[in-house]
Amino acid sequence: PPGKPTLYGSVTRRGLSSEGVLDIAASEGFVVGEVTKKSILISCPHENVSTKFLAPYTTFSRIHQKSITCLDISSGGGLGVSTSTDGTMKIWQAANGEIRVRASNFCVLWCVGHSRGPLAVTLLDLGNSCFECLCERSLCFHAGILDTAIVDRGRNVLSCSRDGTARLWDCGKSACLDVLVDCGSPINGIAVGAADDSLNLGTPEKPPSEREVGTEGKILLLAREDKKLQGVGLQSRQPVFLFVGSDAFNCCTFLSSTYILAGTQDGNIYQLDVRNTNAPIQVIHRSGAPVLSLLPYRDGFIASQGDGTCFILQQDLDYVLDLTEADCDPVYKVSSWEKEIYTCCRDGIVRRYQLSDL
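Residues numbered from 1 in each chain as written. Predicted model: local features only at pLDDT ≥ 70, side-chain atom pairs only at ≥ 80, totals over all residues. Heavy atoms only, no water.

Caption draft 1: Broad picture of the packing of aromatic side chains. Counted by the stated rule, this structure contains six aromatic pairs. Relative to Tyr-342, the ring of Trp-92 lies with its centre 6.2 Å away and its plane at 50°, an arrangement referred to as tilted. Of this pair, Trp-92 sits in strand β9 (residues 89–93) while Tyr-342 sits in strand β30 (residues 340–345), and the two are 250 residues apart along the sequence. Across the pair, Tyr-342 and Trp-92 agree in class, each one buried. (Phe/Tyr/Trp six-rings, centres within 6.5 Å; stacked < 30°, edge-to-face > 60°. Helix = DSSP H or I, 4+ residues; strand = E, 2+ residues; numbered from the N terminus. Buried < 20%, exposed > 50% of the residue type's maximum accessible area, 1.4 Å probe, protein only.)

Structure follows, in structure tokens:
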């Protein structure tokens, strides 16, 4: 329950029903609700809280042989891309995990920024453009890149680094257009989104380059190592807000043009209103493990943590949805397409969940 100690109990399998569904009993204080072949609903009536545990629909264990640090799913749900500590990037069929040697209509943005291997990877839909193979174009990124983001349709991309800077890049010219921020502290994660019309994003000190596309009216979020979450006008480069959290910020995302989320090393997830960041709307804390990934999903969000937990909070659900992951292995990244969710983990397995029955 929010603001209270975690509730612990146990469940015991007593057998199988004639339909092949588990017969489950819970310890004192807990009640077993709906049980299907892929999920178990557990509640604690005394505290009026419930959790549904969802098992993967399928798992892909042969894409990589070592820890998977990042993944993304294409806008149509057909392809996945992932990077690993084995130093490889692979593109695969999202339905079955089969490795693809070609990818039409998609470009991959990835970067190597850390000793554990590639940390950021994104599939960029090129629409009607047809690439018979992936053509590599190197950008002379800064050292120690930790995250990337795409502006608009991808002519420009953003990066953040251990050197404390966030930079804007022109893909076509393979050139850095500008250093947007130099904050003197490592920037662990970034996100870009449209700003609420009432927000003052500032005015650029100089006219933007003609190679800069789609930056107007957008905010850049910076999740900083020095416990600060910063908002910057993407086109103006002017500060919009600065929020101080409880620990280093690892990741951030937009829920809407008004509301944002950011996760910290000590397990806090802050929800903020960008129009007034003096105090958070709410602080969600499920464990002390680092929050590693945040993803907006329907009218809520998905979060993954360093203790192997991955959960979904939605306004239309009266329970928390827990995705059953590897025991205690960090879940580095979450990606989704419609009612399918994909996770990557230190154990080297991609897990695919289906939410169509919920």
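Caption draft 2: Geometry of the pattern of salt bridges. With the rule as written, the count across this model stands at 14 salt bridges. A salt bridge links Arg-211 to Asp-170, with the nearest nitrogen and oxygen atoms 2.6 Å apart. A residue pair is termed long-range when its members are at least 10 positions apart, and Arg-211 in the loop between β17 (187–194) and β18 (218–224) and Asp-170 in strand β15 (residues 165–170) qualify at 41 residues. For Arg-211, a relative accessible area of 24% gives the class partly exposed. On the accessibility criterion, Asp-170 (1% relative accessible area) is buried. Residue Arg-351 pairs with Glu-325 through a salt bridge whose shortest N-O separation is 3.6 Å. Of the two residues, Arg-351 is situated in strand β31 (residues 350–354) and Glu-325 in the loop between β28 (320–323) and β29 (331–337); the sequence distance between them amounts to 26 residues. We classify Arg-351 as buried; its relative accessible area is 9%. Each of Asp-178, Glu-212 and Arg-237 takes part in salt bridges that share partners, so that together they form one network. (Salt bridge = Lys/Arg side-chain N within 4 Å of Asp/Glu carboxyl O.)

Caption draft 3: Region of the structure containing the sheet that holds strand β14 (residues 156–161). Here four strands make up an open sheet; going across it, the order is β13-β14-β15-β16 and the pairing antiparallel. Each edge of the open sheet is held by one strand with a lone partner, namely β13 (145–151) and β16 (175–182). Between one strand and the next, the sheet's axes are offset by a mean angle of 20°, whatever the strand orientation. Inspection of the sheet shows β14 paired to β15 by five bridges, in the antiparallel sense. Counted as the bridge partner of Cys-160 is Ala-166 from β15. (Pairing = 2+ DSSP bridges. Axes fitted to C-alpha atoms, helices over the stretch in contact; angles between N-to-C directions.)

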